[in-house]
Amino acid sequence: KKLEDIQVSPAEVTLDAGQIKELEVKPVPADAELPAVEFTSSDSTVASVGKDGKVLAVKAGTVEITVKAGTFTKKVTVSVNPVLATALEVAATLALEVGAKATISYKISPQDVTNKVPSFESNNPAVASVNAEGEVTGVAAGEAIIKVKADAIEKEVTVTVTAPVVERTYPCDGEFSAFEASLNYGAPMYTMVTVKIENDKVVSFYIDALQSKKNEAGTNYDWNAKTKKELGYLYGMHNVNNADAGYERQDLSTEEGLAAYQAYLAEFGKKEWFEQAELLEAAFLESTDLEVDEAGTITSVAGVTIKDGGYSKLAKAALANAKAGKTVKLEATSNYGSPNIVWVEATVDAEGAFSALELNTLQGKVVKNAEEVVTGYAWNEKSKQELGYLYGMHNVNNADAGYERQDLSTEEGLAAYQAYLAEVGKKEWFEQAELLEAAFLESTDLEVDEAGTITSVAGVTIKDGGYSKLAKAALANAKAGKTVKLVATSNYGSPNIVWVEATVGADGAFSALELDTLQGKVVKNSEDVVTGYAWNEKSKQELGYLYGMHNVNNADAGYERQDLSTEEGLAAYQAYLTEQEKLEWFEQANMITAYALENGLEGLVMDDATKKLDGSVEALAGVSVTVEHYLAVLEAVYADFPQA
């Protein structure tokens, strides 16, 4: 009879490694002639099959055996059971120093066991961490238990970590940065150089810069969404018409334009900014000194054609900060409506006391056109400390003293100003700052009058522009093991600052994290022309419910915007949040940091389209804020202090 099908038995097979099972093939109908039968395995390393249909189990896994007779095919699923461990041998103890690594040796029986590598878990990763290969790293002095498990068998290894007594060049490992505020064709920008220290050695430098552009309204500047490094080839430093090379400027937002630009770079041996920055980073590992020509173009690093935009200076500064154990605390303030930055740099000894302090301020001014409309912003070239007598805080007409305002850019004017200061007993800003610095070594408390002028330090007549607060903050940070990472951003076209404050233990582990943001608003005159900028008095964390991120009319919920400065308005807003299951900004920020403390940054994934969390973590379901900049500062502080 004609063959209508074939029957294979069994249809499923489960075997131990080394076992053999023969497959039986029958024709359908039974009295039909069975043609030659072919057997093939989908993976012979798991289970092989012979021409006679005998299946040999090789190792744990699942395969399909294909049985073909004429035009008919059947498949048989073969499962090979794993070979379980029957014995596990490990050393009972392991000793190593902080920073050292050692691998736990083990022996699993039998030799053909399926899972040949056990699992490893530390009960105290703050003391000793362990990876999947059993490599143990000493993190801090103390004792930890490493559990080693092979199938159902579990053993323990007691790890003792001791702190080596070594003299370090750098007080601690991590990343140390130095930055500089500048302008790019009139628009604010900053350049940053970061040095990474591992095991008391410089292992890398990282150079980057963030630029800005004028907003659509032309009233302020927005920071670019990406730094030069992040832009890569899209930065397009060579993307200009070049008639000699037959190259026309390309639209780098298109694949064709980008490809044409990259081909042009390759053909003429040009390197994009990020590629040149990488060459500089490699060069800085040898020396932070750069040779430049009269135009400032770097000549000492092959392939680099950019100017030294402060890179070597910042590399030296970052390295100096790492060596000196310097901590910096700054505050964004305003000076007659224009942004400025006040900071204190503190050098802290092993006992947490100040050994040196320096106060400083960087100011600037708005730029206006002939019609008195603000067209931009200009940072001062030098800080108050760098200006010295040229700051000229007392350089105003004084009829009683017979003094007329001098041109301090001339030797005569500067000499006359200094003589005037000496004659009337006045001190320049930097001199008063030095007096404050010396006073802070005794106490960071200052007495001021009603106008805010300092009265407790002889010779000081300036106002306490946040100096005592910053000195206290710097000392408190040093004592508490706190470190701060911040990023300059924009909020609806206006500058704001986002930061994370991390509290770090002696073992380098985070014990607390807090995200925060300081915002502000532009200042306009009666003609609605922008004349300056004012920072908010309180950060988002300090405002709490008063920030009112959900305090808008909601007809569907029957809610009208409340006056949160009143008890009734605040209570109504809080009730609305509870009823609608909404979270205020500070509650959402605290949820993010609580999750990061427990789980690290894994799971904190941003949706590129919405800039919000991608929703993959159920515990963060109530977080609706955009997280781009919050994740950036968290990633920065976790990079400085990697967590076990």
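Refer to the structure printed above.
A brief look at the structure comes next. (Residues numbered from 1 in each chain as written. Predicted model: local features only at pLDDT ≥ 70, side-chain atom pairs only at ≥ 80, totals over all residues. Heavy atoms only, no water.)

1. Let's talk about the overall build of the protein chain
If you tally the helices and strands in the protein chain, you get 12 helices and 33 strands. Dimensions of the protein chain, computed from the C-alpha atoms along their principal axes, are close to 130 × 70 × 65 Å. Looking at the protein chain as a whole, 39% of its 644 residues are labelled buried. Across the protein chain, every contact between residues at least 6 apart in sequence was considered, and the portion connecting residues at least 24 apart equals 49%. Summed over all atoms, the accessible surface of the protein chain reaches about 35200 Å², with 49% contributed by carbon and sulfur. Across the protein chain, the 54 positively charged side chains and the 99 negatively charged ones have centroids separated by 5 Å. (Helix = DSSP H or I, 4+ residues; strand = E, 2+ residues; numbered from the N terminus. Buried < 20%, exposed > 50% of the residue type's maximum accessible area, 1.4 Å probe, protein only. Contact = heavy atoms within 4.5 Å. Areas by Shrake-Rupley, 256 points an atom, 1.4 Å probe, with all protein chains shown as cover. Lys, Arg positive; Asp, Glu negative; His and termini not counted. Charge placed at Lys NZ, Arg CZ, Asp CG, Glu CD.)

2. Regarding the pattern of salt bridges
Within the structure shown, the criterion is met by 6 salt bridges. For K229, the salt bridge identified is with E281, shortest N-O distance 2.5 Å. Note that K229 is positioned in helix 1 (residues 228-231) and E281 in helix 3 (residues 273-284), a separation of 52 residues in sequence. E281 gets classed as buried once you look at its relative accessible area, which sits at 9%. For D445, the salt bridge is made with K472, and the minimal N-O distance between the two is 2.9 Å. (Salt bridge = Lys/Arg side-chain N within 4 Å of Asp/Glu carboxyl O.)

3. Observations regarding the sheet that holds strand 17 (residues 142-150)
Strand order in this open sheet of 4 strands is 11-18-17-14, and the pairing throughout is mixed. In this open sheet, the two strands that pair with only one neighbour each are strand 11 (93-97) and strand 14 (119-122). Here the average twist between neighbouring strands, direction ignored, is 25 degrees. The sheet contact formed by strand 14 and strand 17 spans 4 bridges and is antiparallel. Looking at the pairing, F120 lines up with V148 of strand 17. (Pairing = 2+ DSSP bridges. Axes fitted to C-alpha atoms, helices over the stretch in contact; angles between N-to-C directions.)

4. Examining the side chain of Q541
Within the secondary structure, Q541 sits in helix 9 (residues 540-543). On the basis of relative accessibility, which here comes to 15%, the residue Q541 falls in the buried class. Discounting residues that sit within four places of it in the chain, Q541 has contacts with E514, L515, D516, W585, F586, A589 and N590.

5. Comments concerning the side chain of S312
With respect to the helices and strands, the residue S312 is situated in helix 4 (residues 311-324). Residue S312 is classed as buried on the basis of its relative accessible area, which comes to 11%.

6. Focus: the pairing of strand 16 (residues 135-138)
Pairing of strand 12 (residues 101-103) with strand 16 involves 3 bridges; the strand directions are antiparallel. If you follow T103 over to strand 16, its bridge partner there is E135. Here 3 bridges tie strand 15 (residues 128-130) to strand 16, and the two strands are oriented antiparallel to one another. Across the sheet, residue A128 finds its bridge partner in strand 16, namely G138. The turn joining strand 15 and strand 16, which pair antiparallel and follow one another in sequence, is formed by 4 residues; a positive phi near 85 degrees is taken by G134.

7. Some remarks on the sheet that holds strand 16
Taken in spatial order, the 3 strands of this open sheet run 12-16-15, and their pairing is antiparallel. Every interior strand has two partners, whereas the edge strands, strand 12 and strand 15, have only one. Mean inter-strand twist for the sheet, computed between neighbouring axes without regard to direction, equals 25 degrees.

8. A closer look at the packing of helix 3 against helix 4
Axis separation between helix 3 and helix 4 bottoms out at 12 Å; the angle between their running directions is 45 degrees. Comparing their axes, helix 4 and helix 3 come out oblique. Judged by the twist between their axes, the crossing of helix 3 over helix 4 is right-handed. Seen from helix 3, the contacting residues are W273, L280 and F284; seen from helix 4, they are Y311, S312 and A315. (Parallel < 35°, antiparallel > 145°, perpendicular 65-115°, else oblique. Left-handed = near helix turned anticlockwise from the far one by under 90°.)

9. Here's the deal with helix 11 (residues 585-599)
The terminal C-alpha atoms of helix 11 lie 21 Å apart, and with 15 residues this matches the ideal 21 Å at 1.5 Å per residue to within 8%. Taken together, the buried positions of helix 11 are W585, F586, Q588, A589, I592, T593, Y595 and A596. Residues of helix 11 that are buried make contact with strand 31 (510-518), helix 9 and helix 12 (628-640). Looking one or two residues beyond helix 11, the residue adopting positive phi is G600, at roughly 75 degrees. (Expected span 1.5 Å × (residues − 1).)

10. Notes on the environment of V37
Note on placement: V37 falls in strand 5 (residues 37-41). Between the alpha carbons of V37 and K313 there is a distance of 78 Å; along the sequence they are 276 residues apart. Not counting residues up to four positions away in its chain, the partners in contact with V37 are V25, V67, K68 and A69.

11. Brief notes about the environment of D407
In this fold, D407 is placed in the loop between helix 5 (384-387) and helix 6 (411-424). Through-space distance from the C-alpha of D407 to that of N395 is 9.0 Å; in sequence the pair is 12 residues apart. When near neighbours in sequence (up to four residues on either side) are disregarded, D407 contacts G413 and L414. A distance of 2.6 Å separates the side chain of D407 from the side chain of S409, its partner in a polar contact. (Polar contact = N/O pair within 3.5 Å; in protein donor to acceptor, adjacent residues only side chain to side chain.)

12. Re the packing of aromatic side chains
Enumeration over the complete set of coordinates arrives at 15 aromatic pairs. Measuring from centroid to centroid gives 6.3 Å for W273 and Y311, while their planes differ by 65 degrees, and the two rings are edge-to-face. Of the two residues, W273 sits in helix 3 while Y311 sits in helix 4, which places them 38 residues apart along the sequence. Residue class for W273 comes out buried when judged on its relative accessible area of 2%. Measuring from centroid to centroid gives 6.5 Å for Y403 and Y417, while their planes differ by 40 degrees, and the two rings are tilted. Taken together, the residues span a long stretch of sequence, with Y403 in the loop between helix 5 and helix 6 and Y417 in helix 6 at a distance of 14 residues. By the burial criterion, Y403 is buried, and Y417 matches it. Here the aromatic residues Y247, Y264 and F268 are joined through ring pairs into a cluster of three or more. One Lys or Arg, K229, reaches over the ring of Y206 and ends 3.9 Å from the middle of that ring. (Phe/Tyr/Trp six-rings, centres within 6.5 Å; stacked < 30°, edge-to-face > 60°. Lys NZ or Arg CZ within 6 Å of the ring centre and 35° of its normal.)

13. Here's the deal with helix 10 (residues 567-580)
Taking 1.5 Å per residue, 14 residues should reach 20 Å; helix 10 reaches 20 Å between its end C-alpha atoms and fits that length. Just beyond helix 10, the residue with positive phi is E581, at close to 55 degrees.

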